[in-house]
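Observations on chain architecture
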Amino acid sequence: IVEAVVGESSTKEESVDIAKPEEEPAEAGDFVVVESEAEVESDLVSNLPRGLQDTLPSLTDDQRNLVTTLCNAPYNQTHLFASWDDANATKECKMTLIAQLEEMDATYPTGGLPGYIDNARILLEKSRRGENPLEGWRPEVPRGEAFEVGTDRWASVEKKGLPLLGKCGFVLVAGGLGERLGYGDIKIGLPTELVTETKYIQYYIETILAYQSRYAAPGTKLPLCIMTSGDTNAKTVALLKANSNFGMDADQITIVQQGQGVPALSDNNATIALDPDDPCKIL
């Protein structure tokens, strides 16, 4: 496609000592060659690993745009798909990797994975130069009050605060496992004591229901939001279902599962890290 350059040409005074450049700037009436969108897209696709190129027809438009962006400059993440050139690379393996990339792209709020890579490179370069991101900041203990249980001051403040519990919502962060505690299951399933072996989530829910019964307006249900992770979500749902939500109505409970987060990086150029034992898994 050719495109005419329109507009008036400007006149410049040139010294005889200055040699003219080999190529003159385009002036009115000149023509320049411009690549079409199809040609640009073809160039971008040609930079993809062969195995990825062969898979493109089976991907959605959003998936194609994501992998094409990641593989081309300035992101240069073609290594993610290098194993796809192998004839033994299965469709299931490929789509597992694509699904991970999509979820991570949707998780990062500012620009998806390309934005994450851009930001990571800036931070990594600052770290390499030894820049302190907290330079000029001064840590200090926040102001507040400390109450001693059993004092008149404690009783006075508690008296004011307890009625407000009937207007509260509750959030439980439950994304971690109990490995650090030597427990092989989700932490909210840990017993709070050994006599009744009341589970932590049971104790938590029964406490909320007690607040609801005493302090909430008639007919008001106090909401509980539980944030889970990929490691804990299924087990959390199963634990609640097996115990009838420990007496709490189902419409009071909202479960929010964290995304996969952001990928690990293997170098200062923000190269996304793959599992060395599984080429279809991002670390």
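What you see is a predicted model, and the numbers here were worked out from it, not measured in a lab.

1. Here's the deal with the overall build of the chain
- Looking only at helices and strands, the chain has eight helices and seven strands in total.
- If you take every contact in the chain between residues at least 6 apart in sequence, the share linking residues at least 24 apart comes to 61%.

2. Some words on helix H5 (residues 112–128)
- Taking 1.5 Å as the rise per residue, H5 with 17 residues should run 24 Å; its terminal C-alpha atoms sit 24 Å apart, in good agreement.
- All of the buried residues in H5 are Gly112, Leu113, Pro114, Gly115, Tyr116, Ile117, Ala120 and Arg121.
- Each element contacted by the buried residues of H5 is listed here: helix H3 (61–71) and helix H4 (91–107).
- The first or second residue beyond H5 is glycine 130, which carries a positive phi of 80°.

3. Quick word on the pairing of strand E7 (residues 278–282)
- In the sheet, strand E6 (residues 274–275) pairs with E7 via two bridges, with the strands oriented antiparallel. Each bridged residue has a counterpart across the sheet, and for leucine 274 the counterpart in E7 is isoleucine 282.

4. Looking at the confidence of the model for the chain
- For the chain, per-residue confidence averages 87 on the pLDDT scale, and 86% of positions sit at 70 or higher.
- Counting interchain partners and residues more than four positions distant, the pLDDT-below-50 stretch residues 1–16 has 19 contacts.

5. Some words on the state of the cysteines
- Under the criterion given, the structure shown has one disulfide.
- Covalent S-S linkage joins cysteine 93 and cysteine 280, the inter-sulfur distance amounting to 1.3 Å. Its S-S torsion of about 75° marks the bond between cysteine 93 and cysteine 280 as right-handed, since a negative value means left-handed. With cysteine 93 in helix H4 and cysteine 280 in strand E7, the pair connects residues that are 187 residues apart, well separated along the chain. An identical accessibility class is assigned to cysteine 93 and cysteine 280; each is buried.

Thresholds, definitions, all that
For every chain, the first residue of its written sequence is number 1, and the numbers climb from 1 along that sequence. Local features in a predicted model are, by the rule used here, given only for residues with pLDDT of at least 70; side-chain atom pairs are given and counted only at 80 or more, and totals for whole chains, interfaces and linings are based on all residues. Computation of side-chain values: all heavy atoms of the structure, hydrogens and water removed. Working definition: helices are DSSP H or I runs of at least four residues, strands are E runs of at least two. Numbering for both runs from the N terminus. The contact criterion used is simple: two residues touch if any of their non-hydrogen atoms lie within 4.5 Å. Working rule for helices: expected span equals 1.5 Å times residues minus one. When a residue's accessible area, from a 1.4 Å probe over protein chains only, is under 20% of the maximum for its type it is buried; when over 50% it is exposed; and in between it is partly exposed. Strands pair, by our definition, only if DSSP identifies at least two bridges between them. As a per-residue measure, pLDDT tells how confident the predictor is, with possible values from 0 to 100. Two cysteine sulfur atoms make up a disulfide if the distance between them is within 2.5 Å.

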